[in-house]
Amino acid sequence: MRDTSGFERRRFLAAGAAAAGAAAVGGTVAAGAATAAGSAAVANAPSTARSAAPVAVTPGDRRYLDLVRGWNQRWVGAPEAVYVVRSAAEVARVVQLAADRGKRLTVRGGGHCWEDFVFNPEVDVVVDMSEMAAVRYDPGLHAFSVEGGARLLDVYERLYRMWGVTIPAGTCYSVGVGGHVSGGGWGMLLRRDGLVVDHLYAVEVVVVGASGKVRTVVATREKNDPNRELWWAHTGGGGGNFGVVTRYWFRSPGRPGRRPESLLPQPPAEVLISAASWAWDDLGEADFVRLVKNFANWHVAHGEPDDPRTAICSLLSLNHRSNGAVGIVTQVDASVRDAEGLHAEFMAAVTKGVRARTGPVTTQMGEFAAMPEFAQPQRLPWMQATQYIGTANATTNNPTLKGDFKSAYMRASFPERHLRVLYEHLSRGDLDNPTASLMLSSHGGRANAVPANATAFPHRSALFKMAWMIWWTDPADEARSVGWLREFYEDLYADTGGVPVPNGVTDGCYVNYPDVDLGDARRNTSAVPWHELYYKGNYARLQQVKKAYDPKDFFRHRQSVRLPS
């Protein structure tokens, strides 16, 4: 049984301070980097040994309440301590201490985990990565080094302002790279530049061996790297599975030259942003079905990697009727020829046959705030647009919200029954929650130019992605909110056991949008387990990586990769 006595907590913290102090003068924790390239990277990187010990925050500390929760206020932890770390060496000290004393450890990056994988009653120790946020060019690995606690907007600003490059990662400003990248990533440049993991060159991970000893491993995508499988596992295998990611290195494959400015994609100088909506009062079932079908059909028709319309990324927010409207946000690479014409062509295809009038976005659309100023397309510098979209997030910036979420990938347009189910649940009169929505977002394009087993991310034939969202503040609303989400999802996929099994139409779920219901036999009545929905045919390989780098299953949560039986 877990010992939560004050004596045990004080002894653990005291041991941590002693171990960290010993390490500062040449302690015994292994920090092996098993490849020559990895060793060179560590040698050439700027020193990160900035302190003798990590900062331990315990329940009596006024900072504690801020450090035991993330973005989703549904999950608040009560660990014995949160360790704020500033280097890979400090991470290794904390992990070794927890391993030696049999403590359950989890990692907080940006704090955006949708489930309780970081904060739950079984967790004793949390490693907080927020102070490990450096973004540098590393000449040793000829790549950009990004520490595991860096937040996306900070990464974009640093890479772009210093070198004019970017990685095609997510939109929300405060998502941490540690979990985002390891799950495969999604972003508004995905159709043009692929997934963020398609540009991942190396990863630095603190792992626990069979003997219980901690080591720090640098793994690259080089074919002759003996740790290459650990790199591969972090190209879509999900967070919290193999170790603590302390650094990523990014360099696009096949980039010529050694100038930093040539090693990653250059974002467009300008983008075209628009936001439009349709009032539910004007939107009958026929118009709703036509709008959704048009959006899906466009992505099916333009999902190939070399389609010139990969310049377009769009998100269709199907809000519940109580919101008042459904809406669409679209970004076009304005550097392409006739960007305005491409945008007009796209909107004409989406609205074809829809009789309801198009208007400005005046209500919250999923994670987007109202955007009435974009009723007409606006040209913005890329960084300005990225800052705007990333920070104008009504849910991330509200510290009172609890939420529940689900996901699915689509390989084809909707069957007719799916369209009827979408309309039925989004127009239900027994729910009054304007945050309830289903977001359809662009996929395909260059993201589908990579074979399904070249990275751990397997959904390389998906054409668009779906994310269900609902938030609440009052605990009394939780059962109704979660119930609506489950009923909607399970009804939509009633023909396949309540989940989007990989087939000709659906393609499983996104591991970065975790959903514990997928592993519940009451909710998932298909013969397809949760891990196949996330990883498809890549799961057995991920299990072998788990066996090699986390044989004691030290890093685990409710949906972590399991050791092979």
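Residues numbered from 1 in each chain as written. Predicted model: local features only at pLDDT ≥ 70, side-chain atom pairs only at ≥ 80, totals over all residues. Heavy atoms only, no water.

(A) Inspection of the sheet that holds strand S5 (residues 135–138) at higher detail. The five strands lie next to each other as S5-S6-S9-S7-S8, forming an open sheet whose pairing is antiparallel. Each edge of the sheet is formed by a strand with only one pairing partner; in this case those strands are S5 and strand S8 (214–220). When the angles between neighbouring strand axes are averaged without regard to direction, this sheet yields 20°. Across four bridges, the pairing between S5 and strand S6 (residues 143–147) is antiparallel. Within S6, the position partnered with Asp138 by the bridge is Ala143. Of the strands in this sheet, S5 and S6 touch helix H5 (residues 152–163), which is tilted by about 45° from S5. (Pairing = 2+ DSSP bridges. Helix = DSSP H or I, 4+ residues; strand = E, 2+ residues; numbered from the N terminus. Axes fitted to C-alpha atoms, helices over the stretch in contact; angles between N-to-C directions. Contact = heavy atoms within 4.5 Å.)

(B) Representation of helix H4 (residues 88–100) in the model. The terminal C-alpha atoms of H4, which comprises 13 residues, lie 18 Å apart, in line with the 18 Å expected from a rise of 1.5 Å per residue. Among the 13 residues in H4, ten count as buried, and that is most of the element. Looking one or two places after H4, you find Gly102, whose phi comes out positive at around 65°. (Expected span 1.5 Å × (residues − 1). Buried < 20%, exposed > 50% of the residue type's maximum accessible area, 1.4 Å probe, protein only.)

(C) How the structure looks around the environment of Ala269. Within the secondary structure, Ala269 sits in the loop between strand S9 (244–250) and strand S10 (270–279). Judged by relative accessible area, Ala269 falls into the exposed class, the value being 54%. Spatially, the C-alpha atom of Ala269 lies 46 Å from that of Leu563, the residues being 294 residues apart in sequence. If near-sequence neighbours (up to four positions away) are discounted, Ala269 is found in contact with Tyr160, Leu380, Pro381 and Trp382.

(D) Local environment of the environment of Val125. Structurally, Val125 is set in strand S4 (residues 125–128). Here Val125 falls in the buried class, since its relative accessible area comes to 0%. Taking the C-alpha atoms as reference points, Val125 and Ala81, 44 residues apart in sequence, are found 5.4 Å from one another.

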